[in-house]
Structure formats: C-alpha cells, structure tokens
Amino acid sequence: DQQVKQNSPSLSVQEGRISILNCDYTNSMFDYFLWYKKYPAEGPTFLISISSIKDKNEDGRFTVFLNKSAKHLSLHIVPSQPGDSAVYFCAARASNFGNEKLTFGTGTRLTIIP
Amino acid sequence: DAGVTQSPTHLIKTRGQQVTLRCSPISGHKSVSWYQQVLGQGPQFIFQYYEKEERGRGNFPDRFSARQFPNYSSELNVNALLLGDSALYLCASSLVQVNNSPLHFGNGTRLTVT
C-alpha cells in the first residue's frame, strides 16, 4: 500500500528553468511533509518542509506547495542549477508527539541539463 | 558540528550470519530512527528510539532489533541474514522536543549479503 507516491521516476530540465516535482498521498492523517535530496553514496539531505496548516513554504530557490483537498504537494526549484541533479524524495508524517515515522515516496531523479 | 555518523560504511556478510550497525546522532538529538533503502525504492521505516525507549516499529521481522544507549547512540542488529536484507541502512536523528523538526540522515551502511 503506497501511501506516498511520486509518479515520475525521472525529470530533465534545462539549467536556469523551473523544476517541478510532484507527490501525492492517500493517508489523510499525514500533516507534515518534507522533501529530501539524495546524491549517490550519501544519505538523504533535508531540503524543505511544510505543515498542513500552510499551503506554501519558501526557502531560497525552493518552494513547496500543499493542496490538502487534492492530497498533493509539489516542489518548485527556480532557477535550476547543475548541482540540483539528484534523486528527490517526498516524505510524510502523521504528527504525534514522539512519533517520527516518515513514509517516503519512491523518488524522482532530476537531471539538470547545462 | 558533526552530523549523524554511521559505521561501518560497507559490510559484506554471508546468509545466516548476524550483523550490528552503529549510529551516533547529532549532538543534542535524543531521537534516533532506522530506515532500510533498497535499490529503486524510498527508505522504509524500521525503528524509532527516543530516550532509550522504542517509540515505533515498522513492518520488519523479529530478526531485526535495535537499542539506544544513555549517550543516545544506537545499534541495529539483524540476525539470520537473508539475501533480501541487502540494502542501504540509514540512521536519522531529530530534535523531537521541537514540533515538526525534520529528520537528519547519516550516509548509511551498505550491507551486502551473499
């Protein structure tokens, strides 16, 4: 039962353009969402998160949008840079004090074309 | 500041053997979680420990066990290894005392079972 889905296994974007990565979830108990970036031979690196009480959170070139009614979130990267080439994971959590379990999607490999 | 550190980085074991993986959290982080990532998938939750107590357990067999020490470091043990246990094992720590704090991951231990 895939509760967090990333339906695009890969995405290629020209350098300088906007990259949009999408994520859908099915569990309505999820109320905290995160994006992680992963390079080969490294662990996932936290990028940005959003609580369900918001619909947008921005940090520099990264913006995450949350549409609760559609159970959909997206990560926008603008402008895209070659160093952004990596696998991006969407993750979700049903917040309960002390509960840290994250449910991950299968990832989207982003390639930035110079 | 040091991030989450894991040891060893790589490990090769034979079917039926036992393995112990180690993790040191970021200083000040009292929660440690373990995840398994197989190729092409997102990380899957195995365990969470907070203040030396198990706070969550994923859908893994009893061959998997873990513990947390007074200094908040942690060990993951896997008994009677199977070929399917070959994966990247990730440790993560967080400031669970702060609401909606993200997990920070180490670079993982790559376990190969032959």
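Structure's up top.
Now for a quick tour of the structure. Throughout this document, residue positions are counted from 1 along each chain, in the order its sequence is written. Note on labels: chains are lettered from A, ligands numbered from 1, in written order. Restriction of local features to residues with pLDDT of at least 70 applies here, the model being predicted, together with a cutoff of 80 or more for giving and counting side-chain atom pairs; totals for whole chains, interfaces and linings are based on all residues. Values shown for side chains rest on all heavy atoms present in the structure; no hydrogens or waters enter the calculation.

## Remarks on the pattern of salt bridges
Residues and elements named next belong to chain B. Here, a salt bridge means any side-chain nitrogen of Lys or Arg that lies within 4 Å of a carboxyl oxygen of Asp or Glu. Going through the model one piece at a time under the given rule, you end up with 10 salt bridges over all chains. Here Arg22 makes a salt bridge to Glu75, at a shortest N to O gap of 3.4 Å. With Arg22 in strand 3 (residues 19–24) and Glu75 in strand 8 (residues 74–78), the pair connects residues that are 53 residues apart, well separated along the chain. For the salt bridge of Arg57 with Glu54, the shortest nitrogen-to-oxygen distance reads 4.0 Å. Each of Arg22, Arg67 and Glu75 takes part in a single network of salt bridges with overlapping partners. Going along the chain from the N terminus, every DSSP run of H or I of four or more residues is numbered as a helix, and every run of E of two or more is numbered as a strand.

## Quick look at the interface of chain A and chain B
Where the parts come together, the accessible area they lose is often given as the size of the interface. The interface of chain A with chain B comprises 22 residues on the first partner and 23 residues on the second. Between chain A and chain B lies a buried interface of about 1,800 Å² when both sides are counted; carbon and sulfur atoms form 56% of it. The tally of links from chain A across to chain B stands at zero salt bridges. Here a polar contact is recorded for every N or O atom pair within 3.5 Å, except that within protein the pair must consist of a potential hydrogen donor and a potential acceptor, and residues adjacent in sequence are included only if both atoms are side-chain atoms. Seen at the junction of chain A and chain B, the total is six residue pairs in polar contact (both at pLDDT 80 or more). Elements with a contribution of two residues or more to the side of chain A that touches chain B: strand 4 (32–38), strand 5 (45–51) and strand 9 (86–93) of chain A. The greatest single-element share of the side of chain A that touches chain B, amounting to four residues, is contributed by strand 4 of chain A. Note on residue categories: nonpolar means Ala, Val, Leu, Ile, Met, Phe, Trp, Tyr, Cys or Pro, charged means Asp, Glu, Lys or Arg, and polar means any other residue, Gly included. Among the residues forming the side of chain A that touches chain B, the class breakdown is 10 nonpolar, seven polar and five charged. Residues count as neighbours in contact if any of their non-hydrogen atoms are within 4.5 Å of one another. Summed over both partners, buried area is the accessible surface (1.4 Å probe) that two parts give up on being assembled.

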